[in-house]
Amino acid sequence: MTVTRRHDGELHLNRRAFLTLGAGSFLGVVASWRHATLQSPDSLPGTGPSGRLWDPARAGRPLEPVTIADNDAGIRAIEKQLHCTCGCNLDVYTCRTTDFTCTVSPAMHEQVVDLAAQGMTGPQIIDQFVREHGVAILMAPPKRGFNLAGYFVPSLAIIAAGVVLTLVLRRWARTAAPDPVPARPLAAAGTPEELERLRGELDRLSV
Amino acid sequence: MTLLGTLALWLALLVGVWGALAGFVGGLNGRADLAHSARHAVFAMCGALLVAVVSLEWALFQHDFNVEYVAAYTSRNLPIFYTWSALYAGQKGSLLFWATVLSVFGSLALVLTPRHHRELLPYVAGVVSLVAAFFVSVMLFGHANPFQRLPYTPLDGNGLNPQLQNPGMVFHPPMLYLGYISITIPFAFAIAALLSRRLDTDWLVAIRKWTLLSWLFLSIGICLGMWWAYVELGWGGYWAWDPVENASLLPWLTMTAFLHSVMIQEKRGMLKKWNLALIIGSWLLSIFGTFITRSGVISSVHSFTQSSVGYFFLAFLIVAGTASFALYTSRLPLLAAEARLESMVSREASFLFNNLLFIGIAFSVLWGTLFPILSELVQGTKVTVGPPFFNQVNIPLGLALLALTGIGPLIAWRRASIPNLQRQFAVPGTVGVFTALILLVAGMRDFYALMAMALGGFVAGTVVQEFARGARARHRQYGEGYALALGRLLARNRRRYGGYIVHTGIVILFVAFAGMAFKTETEASLRPGESASIKSPYGWTYRLTHLGISQYDALNRQVTAATLEVTRDGKRLGVLTPEKRQHVDGLGRPTFQPSSEVGIRSDLREDLYVVLGGVVNGTEQAVFRFTINPLVWWVWYGGMIIALGGLIVMWPGGSPAAKRSQAGYAVRLVGEDR
């Protein structure tokens, strides 16, 4: 019997070899099935160690198991005030839990956890980061010096504009010419039904 | 085809320059031949740019990887849907898209504008030609030619950024671009009105539909962007006050202010200066947004297309801003109001305060966006201005605006009387107070969320009252059933009642935003069979059981998917399959870093949002982030209702009162809104 392989020339097998190969393959399949049956409880919920992935690299950067500190509300609150320096524009907590590809935010998280383990409070940890990286490490500028302008200029500008607008409107209202067709009596006299009827008549007369 | 595309760009540039010259000279000297030529130049430029778009799409679909743009943004295995959208995925293609859409809009404006505005049209053609020619010149002289060839031909392209391979990204950028681009048409009419000195209210009628169209596209584009960010980026939110997001919000705010204040000009002949300033400002902000997106001067997670072309836009912004300002100030004496405000308690006054808040919010967003640069200039220190800053400054302003959304429609035009105010405010005010009380009793203690929901109740009360009164009046007058009366009420005065539908959408958005105050999140690493629990703000407990991980190949990616069984208070809800995706090119080579595909289980009350972080030691033990986001679906519903309201307002036909006004005789009824 001749089996022709597409690229590698010819492969010669006699009948016995062919049958042996066939039987071997069958047994191999059965064995592997049995092997799988034996191993399969491992991949069932809660029955054994988790299996290895076929290609772990496809799942991204290898990760460490989540610790209690990772879910600590205090740690999270600190990390939400710190700006990740990877260029993502997110806070450390959001960055490290978004697509988990960043390597900067996990390092910053480790540092926060270490500092907290040393007994530092939230403000002390934040101050430590500011000392190391400058105020740009904060998600919002501290409320001091020129930064106060950042917080209060919009509100003050709106209040000032509101005062000016009110004064201007009051002056306009005082100097406005008397209304030839005062709106007030019409508003008082016109019920919704009457207004709707008037609209209807006007619409009928319009183009 | 790329040669044809480049030739088309050069032709578009030459025709655009001619169109600008002919338009302005023809308009200023009253030369009909030049005006006619400018109009034809816009059509010709549109044709040339469409040829360039077809050429680029041809290169994209032919996988002509010798073209640098095609190699940079596509690959052989990229789905057709995204191959098409690669047209605007990169800097160069999006510039071409922008110029082309502008020329299409310009052509439509020239064709569709009624004849009695023909004095304005040469200038409109001139402005459109000038702006489109600028975009083409950026492509040709700013190293942004999408037809540029490589010295070699790669076997396959880079592929499209995985985050852009999402249906939201197919529709979000074009919608936003359409919004940005279509602002040029009202701007062109404003400049035409200034140049021609035809500064009555007539030109506003010509641009009414265009301003609404811009606003509608911007609204839809922003909402789609929020949806894309939520389902694709994996950070569990939809708005991060990123500079690029802010850049899209700025013209939306000023356009919305304009849509309100223009009613005062149409009804009373007031605020001419203000309305012109808003139109010019909106257009300048759209160019500013383009500068922010493309320059990289402010770091942004969305800036997919940073390059030096940003400085072309900065120069254009400065020149266009200076020229517009000079023209505007020179015409100020011609922009006197035809009437004066009669009372502080009037619809006009409430619209002015509404405008103050819109512009105030726009200013605070712009201020916050630029503050890092300002800080660096003044104190030599760069600061980060993130969501905590913007929330602190803008939430109170937003709530004040929401209150005015309910107050404005309750106050009569010209002058409101005390009995009228009492009658108008009784029901909405009661609804607002009761909403607050119910929420307080239910245990809500977050001040801003409580205020947002109470004010939402107040505004909803206003809208329902307006519809109910109108329908009841029709029912009594014409004997119509309430449903028919409601339908006819809407059909006969689309601008007014469509506007109320938009207000309803805004209320829903605010309530949905307030829901995010109750977001909860946790991380867990689970082996197959292990579970994690997370408690929802409604008191339910979700339990997520990790069933295992599968790996398989899809069209252009290698997928690692985790399967999680979800139960809520013991009741099985189904499975979620968050994924990690490693995108590959046609030769199986990885193209980008692995990206996350979020698993989301939504209902009207809350979303369960699951991100697969990765695996531990190459095993099936996986790291997850679980988040519960309350009321997220209402953000999308709110967006849809806003779009529906905008469409109703825009729909042709509409109010006879508006027709009366356009026919030249405005009859005003107290409380009537056109």
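Residues numbered from 1 in each chain as written. Chains lettered and ligands numbered in written order. Predicted model: local features only at pLDDT ≥ 70, side-chain atom pairs only at ≥ 80, totals over all residues.

**Side note on the overall build of chain A**
For step 1, the next point in the chain: Each helix and strand counted, chain A has eight helices and two strands in total.
For step 2, the next point in the chain: For chain A, the sequential pattern of α-helices and β-strands runs β-β-α-α-α-α-α-α-α-α.
For step 3, the next point in the chain: When the 207 residues of chain A are sorted by exposure, 25% land in the buried category.
For step 4, the next point in the chain: The contacts of chain A with a sequence gap of at least 6 include a subset with a gap of at least 24, amounting to 33%. (Helix = DSSP H or I, 4+ residues; strand = E, 2+ residues; numbered from the N terminus. Buried ≥ 20, exposed ≤ 12 C-beta atoms within 10 Å, placed from the backbone. Contact = placed C-beta atoms within 7 Å.)

**A closer look at the overall build of chain B**
For step 1, the next point in the chain: Along its length, chain B carries 20 helices and ten strands.
For step 2, the next point in the chain: When the backbone C-alpha atoms are referred to their principal axes, chain B occupies close to 75 × 70 × 60 Å.
For step 3, the next point in the chain: Across chain B, contacts joining residues at least 24 apart in sequence account for 73% of those joining residues at least 6 apart.

**Overview of helix 18 (residues 494–515) of chain B**
For step 1, the next point in the chain: For helix 18 of chain B, which comprises 22 residues, the first-to-last C-alpha distance of 31 Å matches the rise-based estimate of 32 Å (1.5 Å per residue) to within 8%.
For step 2, the next point in the chain: Burial of helix 18 of chain B is extensive: 22 of the 22 residues sit out of reach of the surface. (Expected span 1.5 Å × (residues − 1).)

**Some thoughts on the sheet that holds strand 10 (residues 622–630) of chain B**
All names here are of chain B.
For step 1, the next point in the chain: The strand order across the open sheet built from four strands is 1-10-9-8, with neighbouring strands paired in antiparallel fashion. Among the strands making up the open sheet, the edge pair consists of strand 1 (520–526) and strand 8 (599–602). Direction aside, neighbouring strands of the sheet carry axes that sit 15 degrees apart on average.
For step 2, the next point in the chain: Pairing between strand 9 (residues 606–615) and strand 10: nine bridges, direction antiparallel. Each residue of the ladder has a partner; that of aspartate 607, found in strand 10, is asparagine 629. (Pairing = 2+ DSSP bridges. Axes fitted to C-alpha atoms, helices over the stretch in contact; angles between N-to-C directions.)

**Thoughts on the domain arrangement of chain B**
Often the size quoted for an interface is simply the accessible area lost on bringing the parts together.
All names here are of chain B.
For step 1, the next point in the chain: For chain B, the domain assignment lists domain 1 (1–160), domain 2 (411–517 + 638–662) and domain 3 (518–633).
For step 2, the next point in the chain: A straight line from the C-alpha centre of domain 1 to that of domain 3 covers 43 Å.
For step 3, the next point in the chain: On the domain 3 side, the residues contacting the ten residues of domain 1 number seven residues.
For step 4, the next point in the chain: Counted by class, the side of domain 1 that touches domain 3 contains three nonpolar, five polar and two charged residues. (Domains from an automatic or database assignment. Nonpolar A, V, L, I, M, F, W, Y, C, P; charged D, E, K, R; others polar.)

**Things to note about the interface of chain A and chain B**
For step 1, the next point in the chain: Taken together, the contacts link 81 residues of chain A with 85 residues of chain B.
For step 2, the next point in the chain: Elements with a contribution of two residues or more to the side of chain A that touches chain B: helix 6 (147–175), helix 7 (183–189) and helix 8 (192–205) of chain A.
For step 3, the next point in the chain: The element that contributes the greatest number of residues to the side of chain A that touches chain B is helix 6 of chain A, accounting for 16 residues.
For step 4, the next point in the chain: A breakdown of the residues in the side of chain A that touches chain B according to their chemical character gives 41 nonpolar, 24 polar and 16 charged.

**Re the packing of helix 7 (residues 167–182) of chain B against helix 9 (residues 202–233) of chain B**
Residues and elements named next belong to chain B.
For step 1, the next point in the chain: Direction vectors running N to C along helix 7 and helix 9 enclose 150 degrees, while the axes themselves pass 7 Å from each other. Our classification of the angle between helix 7 and helix 9 gives roughly antiparallel. For the element pair helix 7 and helix 9, the recorded crossing hand is left-handed.
For step 2, the next point in the chain: When grouped by side-chain class, the residues that make up the contact of helix 7 with helix 9 number 14 nonpolar, seven polar and one charged. (Parallel < 35°, antiparallel > 145°, perpendicular 65-115°, else oblique. Left-handed = near helix turned anticlockwise from the far one by under 90°.)

**A short note on the nonpolar core**
For step 1, the next point in the chain: One finds Ala12, Met45, Val124, Phe135, Phe189, Ala452 and Val511 of chain B to be the most contacted residues of the largest nonpolar core, which totals 220 residues.
For step 2, the next point in the chain: Of the residues forming this core, the biggest block, 21 residues, is contributed by helix 9 of chain B.
For step 3, the next point in the chain: Dropping the residues within four chain positions of it, valine 511 of chain B is found in contact with Ala452, Met453, Gly456, Leu631 and Trp634 of chain B.
For step 4, the next point in the chain: If you look at the next biggest cluster of nonpolar residues, it comprises 25 residues, including Phe100 of chain A together with Ala524, Leu576 and Phe624 of chain B. (Core = buried A, V, L, I, M, F, W, Y, C linked by C-beta atoms within 7 Å.)

**Observations regarding the environment of threonine 329 of chain B**
For step 1, the next point in the chain: Take threonine 329 of chain B: it is sitting in helix 12 (residues 309–330).
For step 2, the next point in the chain: Looking at threonine 329 of chain B, the number of C-beta atoms within 10 Å reads 10, which means it is exposed.

**What to know about helix 8 (residues 184–196) of chain B**
Residue and element names in this part refer to chain B.
For step 1, the next point in the chain: Relative to the 18 Å expected for 13 residues at 1.5 Å per residue, helix 8 spans 18 Å between its end C-alpha atoms, a close match to the ideal helical length.
For step 2, the next point in the chain: Of all 13 residues in helix 8, twelve are buried; the element is thus mostly enclosed.
For step 3, the next point in the chain: The positive-phi residue at the C-terminal boundary of helix 8 is arginine 197, with phi of around 60 degrees.

**A few points about the pairing of strand 6 (residues 579–583) of chain B**
Residues and elements named next belong to chain B.
For step 1, the next point in the chain: The element strand 6 is largely enclosed, with a buried count of five among its five residues.
For step 2, the next point in the chain: Along strand 6, one buried face is formed by Glu579, Arg581 and His583 and the opposite face, lined by Lys580 and Gln582, is buried too.
For step 3, the next point in the chain: Examined bridge by bridge, strand 6 and strand 7 (residues 595–597) share three bridges and lie antiparallel to one another. Across the sheet, arginine 581 pairs through a bridge with serine 595, a residue of strand 7.

**Concerning the environment of valine 168 of chain A**
Residues and elements named next belong to chain A.
For step 1, the next point in the chain: If you trace the backbone, valine 168 turns up in helix 6.
For step 2, the next point in the chain: Judged by the 12 C-beta atoms lying within 10 Å of it, valine 168 is exposed.
For step 3, the next point in the chain: Sequence separation between valine 168 and lysine 80 is 88 residues; the distance between their C-alpha atoms is 44 Å.

**Some points on the packing of helix 2 (residues 32–61) of chain B against helix 5 (residues 91–112) of chain B**
Residues and elements named next belong to chain B.
For step 1, the next point in the chain: Two elements in contact, helix 2 and helix 5, have axes whose closest approach is 9 Å; the angle formed by their N-to-C orientations is 145 degrees. Of the two elements, helix 2 crosses helix 5, and the hand of that crossing is left-handed. Two secondary-structure elements touch here, helix 2 through Arg39, Val42, Phe43, Met45, Cys46, Leu49, Leu50, Ala52, Val53 and Leu56 and helix 5 through Gly93, Leu96, Ala99, Thr100, Ser103, Val104, Gly106, Ser107 and Leu110.
For step 2, the next point in the chain: Per-class residue counts for the contact of helix 2 with helix 5 are 13 nonpolar, five polar and one charged.

**As for the pairing of strand 10 of chain B**
Residue and element names in this part refer to chain B.
For step 1, the next point in the chain: Taking burial as the measure, the nine residues of strand 10 include nine buried ones, the bulk of the element.
For step 2, the next point in the chain: Of the two faces of strand 10, both are covered, the one formed by Ala622, Phe624, Phe626, Ile628 and Pro630 as well as the one formed by Val623, Arg625, Thr627 and Asn629.
For step 3, the next point in the chain: Relative to strand 10, strand 1 runs antiparallel, the two sharing seven bridges. Opposite threonine 522, over in strand 10, you have phenylalanine 626 as the bridge partner.
For step 4, the next point in the chain: The turn joining strand 9 and strand 10, which pair antiparallel and follow one another in sequence, is formed by six residues; a positive phi near 55 degrees is taken by asparagine 617.

**Quick notes on unusual backbone geometry**
All names here are of chain B.
For step 1, the next point in the chain: In the Ramachandran plot, histidine 63 falls in the positive-phi region, its phi being about 50 degrees despite a non-glycine side chain.
For step 2, the next point in the chain: With respect to the secondary-structure elements, histidine 63 resides in the loop between helix 2 and helix 3 (68–73).
For step 3, the next point in the chain: Positioned with a positive phi, histidine 143 is a non-glycine residue whose angle comes to about 55 degrees.
For step 4, the next point in the chain: Along the chain, histidine 143 falls in the loop between helix 6 (121–141) and helix 7.
For step 5, the next point in the chain: Since 13 C-beta atoms lie within 10 Å of it, histidine 143 is described here as partly exposed.

**Description of the confidence of the model for chain B**
For step 1, the next point in the chain: Within chain B, residue pLDDT values average 90, and 95% of them lie at 70 or more.
For step 2, the next point in the chain: Per the prediction output, this complex has pTM 0.86; the corresponding ipTM is 0.83. (pLDDT = per-residue confidence, 0-100.)

**With respect to the environment of valine 365 of chain B**
For step 1, the next point in the chain: Secondary-structure assignment places valine 365 of chain B in helix 13 (residues 347–379).
For step 2, the next point in the chain: Once you skip the residues sitting within four places of it in the chain, valine 365 of chain B turns out to touch Asn246, Leu249, Leu250 and Asn394 of chain B.

**Re the confidence of the model for chain A**
Residue and element names in this part refer to chain A.
For step 1, the next point in the chain: Mean pLDDT over chain A works out to 76, with 67% of the residues at or above the 70 mark.
For step 2, the next point in the chain: Confidence drops under pLDDT 50 across residues 1–11; counting only partners more than four residues distant or on other chains, this segment forms ten contacts.
For step 3, the next point in the chain: Low pLDDT, under 50, characterises residues 182–186; the stretch is placed with eight contacts to residues that sit more than four places away or in other chains.

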